[in-house]
Amino acid sequence: QVQLVESGGGLVQPGGSLRLSCAASGFHFSSFLMSWYRQAPGKERELVASITNAGGSTNYVDSVKGRFTISRDNDKYTVYLQINSLTPEDTAVYYCNANSGDLFARKFVYWGQGTQVTVSS
């Protein structure tokens, strides 16, 4: 059974930090591109960060560059998102995503259930 389980969200003050975790199971984690998406109420789901299978390359949406850091530990089957200098605009449900790309004949895409991040004074 494929699972992506996010954790680490919560209510924080502006300027605070959070570290989100996504624990994966049921697939060849080290072969998948991993990403974090977020979705605020009334808005489209947005890709915020991605990391290649071995962690050698990362990408971020412009609005989070310098504040968010994506990383992965393939031995622990876990991807992380360190979020610093939080602002109310970061408030959203954050989702973990796994994507096999062209590794297989059929593309596999998996989603977690999300973890809520709320930034408020």
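A brief structural summary. (Residues numbered from 1 in each chain as written. Predicted model: local features only at pLDDT ≥ 70, side-chain atom pairs only at ≥ 80, totals over all residues. Heavy atoms only, no water.)

A few points about the overall build of the protein
Then comes step 1: Within the protein one finds zero helices and eleven strands.
Then comes step 2: The globule rule puts the C-alpha radius of gyration for 121 residues at 14 Å, and the 14 Å found for the protein is close to it.
Then comes step 3: Residue burial in the protein is summarised as follows: out of 121 residues, 40% are buried.
Then comes step 4: Counting only contacts in the protein whose residues sit at least 6 apart along the sequence, the fraction spanning at least 24 positions is 54%.
Then comes step 5: On the protein, roughly 6400 Å² of surface is accessible, and the fraction owed to carbon and sulfur atoms is 47%. (Helix = DSSP H or I, 4+ residues; strand = E, 2+ residues; numbered from the N terminus. Rg over C-alpha atoms; globule rule 2.2 N^0.38 Å. Buried < 20%, exposed > 50% of the residue type's maximum accessible area, 1.4 Å probe, protein only. Contact = heavy atoms within 4.5 Å. Areas by Shrake-Rupley, 256 points an atom, 1.4 Å probe, with all protein chains shown as cover.)

Focus: the state of the cysteines
Then comes step 1: Going through the model one piece at a time under the given rule, you end up with one disulfide.
Then comes step 2: The disulfide partner of C22 is C96, and the gap between their sulfur atoms is 2.1 Å. One disulfide, between C22 and C96, carries an S-S torsion of -85° and so falls in the left-handed class. Of the two residues, C22 sits in strand β3 (residues 18-25) while C96 sits in strand β9 (residues 92-99), which places them 74 residues apart along the sequence. (Disulfide = S-S within 2.5 Å.)

Quick word on unusual backbone geometry
Then comes step 1: With a phi angle near 55°, Y77 is a residue other than glycine that sits in the positive phi range.
Then comes step 2: Along the chain, Y77 turns up in the loop between β7 (68-73) and β8 (78-83).
Then comes step 3: Even without being glycine, S85 reaches a positive phi, approximately 50°.
Then comes step 4: The topology assignment puts S85 in the loop between β8 and β9.

Re the side chain of N97
Then comes step 1: In this fold, N97 is placed in strand β9.
Then comes step 2: For N97, the side chain forms a polar contact with the main-chain oxygen of Y110, separated by 3.5 Å.
Then comes step 3: Excluding residues that lie within four positions of it along the chain, N97 makes contacts with L4, L33, M34, S35, Y37, V109, Y110 and W111. (Polar contact = N/O pair within 3.5 Å; in protein donor to acceptor, adjacent residues only side chain to side chain.)

As for the pairing of strand β4 (residues 33-39)
Then comes step 1: With five of seven residues buried, β4 lies mostly within the body of the structure.
Then comes step 2: Relative to β9, β4 runs antiparallel, the two being bridged by seven bridges. Along β9, the bridge assignment pairs L33 with N99. (Pairing = 2+ DSSP bridges.)

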